[in-house]
Amino acid sequence: MTNSMTVSSNTAARLELWLLCALLFVLPTLEGPKNAMFGFYLIVWAGRRFSVTGLRSLRLDAIEYSLLALIAACTVATIANWPFPNGVKGLWDTLRFTLLFWCIYRAGYNDSQHRSLAIAVTAGLIVGLAFGIFELASGRIPQLQLHSAGVLTQSAMYVSMVFVLALGVFLTRWLPRSGNAGTGRRRWPWLASLFAMSAALVIMGSRGAFLALALILACLALLVNRARLWALLAGGAVVVVAALFAIYSVDDGDRITASAHARLNPERFTVSNFERYEYFRVGVAQIREGGSLWFGLGPRNLRSIDMSRLHFNPPLRLSGAHIAKLGHAHNLFLTKLVEEGVVGLAALVFFFGLVARGLWRAWRRQEWYDWRWFAAFGALAVPVIAGSVNTPFFQEHAMLAMALMAIFMRSSQPVGHRR
C-alpha cells in the first residue's frame, strides 16, 4: 500500500513538472495549448498539496502578501468600474501571472528541476522565433514577433529576458567562480541560443529592448568583471552594430530585410517618439483631471478615457484613429496608475521592490553568481526599463517574468526557511 502511494506521488510530481515545462515551452507560440497546460498544471499542483490542515497552518511571507495585494488591487479596480468593455480580461491576466509565481514559489522544485524549466523556456523561445521567421518570410505577419506573446515590442521584451537567462547559464558554466568550467557540450548550445536571440532582436529593432539589454549587460559586465566576458560583449556589440548598419544600407531584397529596414527607419523613430509623448500626456491628464486617482479606470480599460473632460495645452496632436487604438500610456507605471489607481501602482511597486531586495541581498551574501540570479535580474530589469517607454506589465512577457522571479526567490531562501 505504501509503495503504491509512493509510486503514485512520484508520478504526480513528474506530471506536474512536465506540465509546467510544457507551459513554458508553448508560452510564446501556442495560445490554446498554453491555456490548457496552465489549467492542468494548476489542477495537478493543487491536487498534490490541498488539505484543510494545510490551509489552517498556511503562513504567508512578504512576497506572497504582495501577490495578494496585486490581486486585490486589480479586483477592486474591476469592481469599482464595472461594467466596461474588456470586463475581466485584466483581472484574469493578473490572476494568471500571480498564480504562476505563487505555484512555482511554493512548489519546492530542486536545482535539477529548475534547470529543466530553464531549458523549456529557452527551447520554447527558439522554436517560437523559428515559427515567427517562417510567418514573416511567408508574408503572414508584417514584422517579426512571437505568435502568442503580444506585439513586436512585447515579443522583444520576452526575447530579452530569455537572453539574460541564457547568458547566466552560459557564463556560470564558462567562467565559474570555483571548480572547472563545464564541457563545450554543456556550454555551446546556450551560446548558440544567444546568437539566435541576438539576430532576432536585430530584426525586431525594438529600441526599448535594446536599451534594457544594453544597461543590463553593462551592469553584469561590471559585476562579473572578467576579461573574457568584456571581450565577448565587446565583440557581440560590434557584430550587432555592424548588422544594424548593414540592414539599413541594403535594399529590401526579401520580407525579413524589408521588415528590419522599416523598423530602423529614422522617420519611424520620429513618429514613434511623437506618439509616445502624446500618449504620456493623455495618461498624465487623466490622473490630474479624471477623478479616478485611487482605483483607476479598471484594468485594460485605458480606451474608455473621456477626452472631452481633459484639457491639453498645447492641444493634443493625436488623430482620431490613434486615440481609438489607445491601449496603454506607453509607460508601465503610468498605465498602472491610470487603470488601477494609487492602490494598484503601490502594489506593483511593492512587489518589484521585494524582488529587487532579494537580488540585492543575494549579492551582499556573495550568492548571486547563479543563473537564477541572472534570470531574475533580467526578468525584473527588462520590464521596468523597456516598459518605462512602452508596454505595461501584462500578458505572456509578464508570465515569463513572474516564473523566472519565482524560481530565484525560492532558491535564494536559506535552506531552513524553504517550505
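Residues numbered from 1 in each chain as written. Predicted model: local features only at pLDDT ≥ 70, side-chain atom pairs only at ≥ 80, totals over all residues. Heavy atoms only, no water.

Participant: I keep staring at the nonpolar core and nothing clicks. Help me out?
Facilitator: Side chains of a nonpolar character, in soluble globular proteins, are inclined to be buried together. Within the largest apolar cluster, 108 residues are counted, with the highest numbers of intra-cluster contacts made by Phe101, Phe351, Phe393 and Met405. At 16 residues, helix α7 (residues 152–174) tops the list of elements feeding residues into this core. Ala285, Leu302, Ile305 and Val338 belong to the second largest nonpolar core, which has 14 residues in total. (Core = buried A, V, L, I, M, F, W, Y, C linked by side-chain atoms within 4.5 Å. Buried < 20%, exposed > 50% of the residue type's maximum accessible area, 1.4 Å probe, protein only. Helix = DSSP H or I, 4+ residues; strand = E, 2+ residues; numbered from the N terminus.)

Participant: Got a minute to help me understand the packing of helix α4 (residues 62–80) against helix α14 (residues 332–364) in this structure?
Facilitator: For any two helices packed against each other, one specifies the inter-axial angle together with the distance between the axes. At their nearest, the axes of α4 and α14 sit 9 Å apart, and the two run at 165 degrees to each other. When the axis of α4 is compared with that of α14, the two are roughly antiparallel. As α4 runs across α14, the sense of the crossing is left-handed. Residue-level inspection shows Ala62, Ile63, Ser66, Leu67, Ala69, Leu70, Ala73, Cys74 and Ala77 of α4 in contact with α14, the latter providing Glu339, Glu340, Val343, Gly344, Ala347, Leu348, Phe350, Phe351, Leu354 and Val355. (Axes fitted to C-alpha atoms, helices over the stretch in contact; angles between N-to-C directions. Parallel < 35°, antiparallel > 145°, perpendicular 65-115°, else oblique. Left-handed = near helix turned anticlockwise from the far one by under 90°. Contact = heavy atoms within 4.5 Å.)

Participant: What am I meant to see in empty space enclosed by the protein here?
Facilitator: For the structure on display, the rule yields 1 cavity of 30 Å³ or more. By volume, the largest cavity is sized at about 140 Å³. As for the largest cavity, its lining consists of 16 residues, of which Lys336, Glu339, Glu340, Phe393 and Phe394 are closest to the centre. The dominant element in the lining of the largest cavity, judged by the number of residues it contributes, is α14, at 6 residues. The class makeup of the residues in the lining of the largest cavity is 8 nonpolar, 3 polar and 5 charged. (1 Å grid on protein atoms, 1.4 Å probe; cavity = no way out; pocket = protein on both sides within 12 Å on 5 of 7 lines; lining within 4 Å. Points joined across faces, edges and corners; volume = space filled by probe spheres on them. Nonpolar A, V, L, I, M, F, W, Y, C, P; charged D, E, K, R; others polar.)

Participant: How do you make sense of a nonpolar patch on the surface when you look at a structure like this?
Facilitator: The grouping of Val76, Leu293, Trp294, Phe295 and Val343 at the surface amounts to a nonpolar patch, some 440 Å² of accessible area in total. Within the secondary structure, Trp294 sits in the loop between α12 (266–289) and α13 (320–324). (Patch = residues over 30% accessible without salt bridge, like charges linked within 9 Å, V, L, I, M, F, W, Y side chains within 5 Å. Areas by Shrake-Rupley, 256 points an atom, 1.4 Å probe, with all protein chains shown as cover. Salt bridge = Lys/Arg side-chain N within 4 Å of Asp/Glu carboxyl O.)

Participant: Sorry, what's going on with the packing of α4 against helix α5 (residues 89–107) here?
Facilitator: At a closest axis distance of 10 Å, the pairing of α4 and α5 adopts a crossing angle of 170 degrees. Judged on the interaxial angle alone, α5 and α4 are roughly antiparallel. Facing α4, whose interface residues are Ile63, Glu64, Leu67, Leu70, Ile71, Cys74, Thr75 and Thr78, α5 presents Gly90, Leu91, Thr94, Leu95, Thr98, Phe101, Trp102, Tyr105 and Arg106. Looking at the contact of α4 with α5 residue by residue, the class counts come to 10 nonpolar, 5 polar and 2 charged.

Participant: Help me understand the pattern of salt bridges, please; the structure alone is not making it clear to me.
Facilitator: Should their charged atoms come close, side chains of opposite charge can pair. For the coordinates displayed, the defined rule picks out 12 salt bridges. A salt bridge links Arg48 to Glu16; the shortest N-O distance between them is 2.9 Å. Taken together, the residues span a long stretch of sequence, with Arg48 in helix α2 (residues 31–49) and Glu16 in helix α1 (residues 2–26) at a distance of 32 residues. The partner of Lys34 in a salt bridge is Glu396, and the shortest N-O contact between them spans 2.2 Å. Taken together, the positions of Lys34 in helix α2 and Glu396 in helix α16 (residues 395–411) put the pair 362 residues apart, joining distant regions of the chain. By the burial criterion, Lys34 is buried, and Glu396 matches it. One salt-bridge network, held together by shared partners, links Glu31, Lys34 and Glu396.

Participant: Can you walk me through α4 in this structure?
Facilitator: For α4, built from 19 residues, the straight-helix expectation of 27 Å at 1.5 Å per residue is met to within 8% by its first-to-last C-alpha distance of 26 Å. Those residues of α4 that are buried lie in contact with α5, α14 and α16. (Expected span 1.5 Å × (residues − 1).)

Bear in mind that shape data such as this cannot, by itself, settle questions of function.
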